[in-house]
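Letter by letter, the chains look like this.
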Amino acid sequence: MFEYIRSVGRGFSSTGLVVAGLGFFLTRFTVTLAVSDGTMAFVFSGVLPLVLGLGLSAFGVALAVGEFEHAFVRTVTLWCLAGTGAMFVLVLVTLIGNGSMGPLSTAGSRSYLSNFLIGGGVGGALTGVYAGRSNRQQRELEQQAARLDLVNRILRDRVLNALTVIRGRVEIAESRDGVSTADILSVIDDRSAGVQQVVENMKHITHGGADLSLDAVPVVPCVESGVDAVRETHLSADYDLRADVPPDLQVRANTMLDNLVAHLVENAVVYNDSDGPRVEVGVTATEDTVAISVSDNGPGLPERQLDLLARGEIGSYEDRSTGFGLDLVRLLVRSYGGRTAATVTDDGTTVTLTLLRVSAEDGVVKATPEDVLGLSPRRLSVAVGASLVAAVVMGVPMQVLSGGVPVVGALYGVENALVGWLTHGFHSVVFGLVYAALVRTAPAHLSDRLRYYGIALGWSLALWFVAAGLVMPVWLSLVGIEASLPNLSAAALLSHLLWGGSLAALYHYGCRVWPP
């Protein structure tokens, strides 16, 4: 249970909740002020800001639980805050410029201010979405250029050199100047294998490590294989392998994992200028991750390489003393959803690969970068659509049995049927997105029935008891409406169970028909 709660927490982004909170606050402010102008005036001048404000708040929740990069969520949040702040300054300056001594003293002025703030927040969020996508595209273009530069360097420095050696050995074989055929064929075979390995690596570099089919890979055999491969060709170094983990421990990776370890170990040996090269390889694990560390007693990585390794990127740089192995390591570890890090001390360099731990029954896993959260855009769309339908399924009997839908609007300052239905739909979307996040982070061994319907039942009961039974009465009393505490009626229980059941059925169906 504790691990499940931790996994749920990792599916949320607090930065997105800033947008949700801002939208909620501005909406609450708008409804209270706009309704003072009368019902008809509110219908024409307050409904649009209400919908925009509620939409902004729901969008913030989607950012919190959706499959968005941390950098994208931060960009949208900053632009949303900037748009709101800029609009506040603009309206304030305009009101003061009109000669009003108290620009916010009247309800009308405050209502205009609130509406414009919502517009600024929505406009800022849309600008943030555009800016976030542009930043991501720029990073992708930079990395693509760096990959092409890397491919060019490898083709020139590795493949052409290997072909030169092969051509030279062929000429020697033709002349047969005291060189045995076996020696010549051995060199040709070795160089050809090197070219084959380079070509194999090219597909990972040119495609940026995308669309990889990842599996639950046993980590200890891969590490042992990588170390043994280097030990066979570099006999002078001292190797020490310590794997303080179960022998069947698995990580999310693919068949290239042993090559990545071999690249790190080979770099630790080849670029080690000490009299006695020494390499220590360690494997440790936590509840969620597995760390593979490679330490040497060499001179240490350059500062530029350390920075690129920490960011998991390929850089366009002129220092080629560290070879091409680290570039492939950076690229593939990032595609595994892991991260790379390096530290340099007076004793040498330690490079650490941190990979995601998986259980033996997890099987094939999907590549998801570490800085990506929760629900895919398609799952978010399914959750929103299912939540809106579930709101109607819940609202109709709730209105018939207790007339309670307009009371939902009272939470925002006005007991109005239109406001009640709009805010009821908003609540349904927010709680529906949270439900979808709970389903997404549920333990993998659960059946679909428990995953979708069991969580919906528990979530519905929790909302009935906490949100409707405790929070809502307190909230209503704060706005001047009497309500019993706790307010645990049978009609509310039935309505919440209908909401949870319909939400689960629709969301489960949508996930089957439109898989992510």
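Residues numbered from 1 in each chain as written. Predicted model: local features only at pLDDT ≥ 70, side-chain atom pairs only at ≥ 80, totals over all residues. Heavy atoms only, no water.

**Overview of the overall build of the chain**
Here comes step 1: Within the chain, the regular secondary structure consists of 16 helices and seven strands.
Here comes step 2: Across the 516 residues in the chain, those meeting the buried criterion constitute 45%.
Here comes step 3: Across the chain, contacts joining residues at least 24 apart in sequence account for 77% of those joining residues at least 6 apart.
Here comes step 4: As displayed, the chain has an accessible area near 25,500 Å², and 61% of this comes from carbon and sulfur atoms. (Helix = DSSP H or I, 4+ residues; strand = E, 2+ residues; numbered from the N terminus. Buried < 20%, exposed > 50% of the residue type's maximum accessible area, 1.4 Å probe, protein only. Contact = heavy atoms within 4.5 Å. Areas by Shrake-Rupley, 256 points an atom, 1.4 Å probe, with all protein chains shown as cover.)

**Looking at the packing of helix H8 (residues 219-233) against helix H9 (residues 257-270)**
Here comes step 1: Packing of H8 against H9 leaves a shortest axis separation of 8 Å and a crossing angle of 40°. By the angle class used here, H8 and H9 are oblique. Handedness of the crossing formed by H8 with H9: right-handed. Packed against H8, whose contacting residues are Cys-222, Val-223, Ser-225, Gly-226, Val-227 and Val-230, the element H9 presents Leu-257, Asp-258, Val-261, Ala-262, Val-265, Glu-266 and Val-269 at the interface.
Here comes step 2: Looking at the contact of H8 with H9 residue by residue, the classes come out as nine nonpolar, two polar and two charged. (Axes fitted to C-alpha atoms, helices over the stretch in contact; angles between N-to-C directions. Parallel < 35°, antiparallel > 145°, perpendicular 65-115°, else oblique. Left-handed = near helix turned anticlockwise from the far one by under 90°. Nonpolar A, V, L, I, M, F, W, Y, C, P; charged D, E, K, R; others polar.)

**Focus: the environment of Val-393**
Here comes step 1: Inspection of the secondary structure assignment puts Val-393 in helix H12 (residues 377-402).
Here comes step 2: Its relative accessible area of 32% is what places Val-393 among the partly exposed residues.
Here comes step 3: Placed 109 residues apart in sequence, Val-393 and Ser-502 show a C-alpha to C-alpha distance of 7.3 Å.
Here comes step 4: With near-sequence residues (within four places) excluded, Val-393 lies in contact with Leu-498 and Ser-502.

**Concerning the nonpolar core**
Here comes step 1: If you look at the biggest cluster of nonpolar residues, it comprises 53 residues, and the most contacted ones within it are Leu-433, Tyr-435 and Tyr-507.
Here comes step 2: Broken down by secondary-structure element, the contributors of at least two residues to this core are helix H2 (14-34), helix H4 (47-65), helix H5 (70-97), helix H6 (107-175), H12, helix H14 (417-440), helix H15 (448-478) and helix H16 (490-513).
Here comes step 3: Broken down by element, the residue count for this core peaks at 11 residues, all from H14.
Here comes step 4: Structurally, this core is a two-domain feature, drawing no fewer than three residues from each of domain 1 (1-207) and domain 3 (375-515).
Here comes step 5: Among residues more than four places away in sequence, those in contact with Leu-433 are Ala-58, Val-61, Ala-62, Val-65, Leu-375, Leu-380, Ala-383, Val-384 and Ser-387.
Here comes step 6: Listed in part, the 39 residues of the second largest apolar core include Leu-214, Val-251, Val-261 and Leu-326. (Core = buried A, V, L, I, M, F, W, Y, C linked by side-chain atoms within 4.5 Å. Domains from an automatic or database assignment.)

**A short note on the UniProt feature "transmembrane region" (unreviewed entry) in the chain**
Here comes step 1: Under the local residue numbering, the UniProt record ascribes the feature "transmembrane region" (unreviewed entry) to residues 12-35, 41-64, 76-97, 112-131, 380-398, 418-438, 450-476 and 488-509.
Here comes step 2: For the annotated span residues 380-398, helix accounts for 100% and strand for 0% of the residues, and the straight-line distance between the end C-alpha atoms is 26 Å.
Here comes step 3: Taken end to end, residues 488-509 is 91% helix and 0% strand, and its two terminal C-alpha atoms sit 31 Å from one another. (UniProt positions renumbered as here; feature names shortened; annotations may be inferred.)

**What about the confidence of the model for the chain?**
Detailed reading of predicted coordinates is not advised where the pLDDT is low.
Here comes step 1: This prediction gives the chain a mean pLDDT of 75; 66% of its residues lie at or above 70.
Here comes step 2: Contacts from residues 316-322, a stretch scored under 50 in pLDDT, to residues over four places away or in other chains number 21 contacts.
Here comes step 3: Confidence drops under pLDDT 50 across residues 361-370; counting only partners more than four residues distant or on other chains, this segment forms 23 contacts. (pLDDT = per-residue confidence, 0-100.)

**Observations regarding the packing of H4 against H14**
Here comes step 1: In contact at an axis separation of 10 Å, H4 and H14 are set at 5° when each is read in the N-to-C sense. In terms of their interaxial angle, H4 and H14 are classed as roughly parallel. Side by side, H4 and H14 meet where Val-47, Leu-50, Val-51, Leu-54, Ser-57, Ala-58, Val-61, Ala-62 and Val-65 of the first sit next to Leu-418, Val-419, Leu-422, Thr-423, Phe-426, Val-429, Val-430, Leu-433 and Ala-437 of the second.
Here comes step 2: When its residues are assigned to classes, the contact of H4 with H14 shows 16 nonpolar, two polar and no charged.

**So, the pattern of salt bridges**
Here comes step 1: Applying the stated criterion across every chain yields a total of three salt bridges.
Here comes step 2: Here Asp-228 makes a salt bridge to Arg-231, at a shortest N to O gap of 2.7 Å. Here the residue Asp-228 and the residue Arg-231 both occupy positions in helix H8, the gap between them amounting to three residues, near one helical turn.
Here comes step 3: Here Asp-228 falls in the partly exposed class, since its relative accessible area comes to 36%.
Here comes step 4: For Arg-231, a relative accessible area of 33% gives the class partly exposed.
Here comes step 5: Ionic pairing is found between Glu-280 and Arg-278, a salt bridge with its closest N-O pair at 3.6 Å.
Here comes step 6: The class of Glu-280 is partly exposed, set by a relative accessible area of 38%. (Salt bridge = Lys/Arg side-chain N within 4 Å of Asp/Glu carboxyl O.)

**A closer look at the pairing of strand S6 (residues 339-345)**
Taken residue by residue, a regular strand's side chains alternate between the two faces of the sheet.
Here comes step 1: Examined bridge by bridge, S6 and strand S7 (residues 348-358) share seven bridges and lie antiparallel to one another. Across the sheet, the residue bridging to Val-344 is Thr-349, located in S7.
Here comes step 2: Taken together, S6 and the strand that follows it, S7, pair antiparallel across an intervening segment of two residues. (Pairing = 2+ DSSP bridges.)

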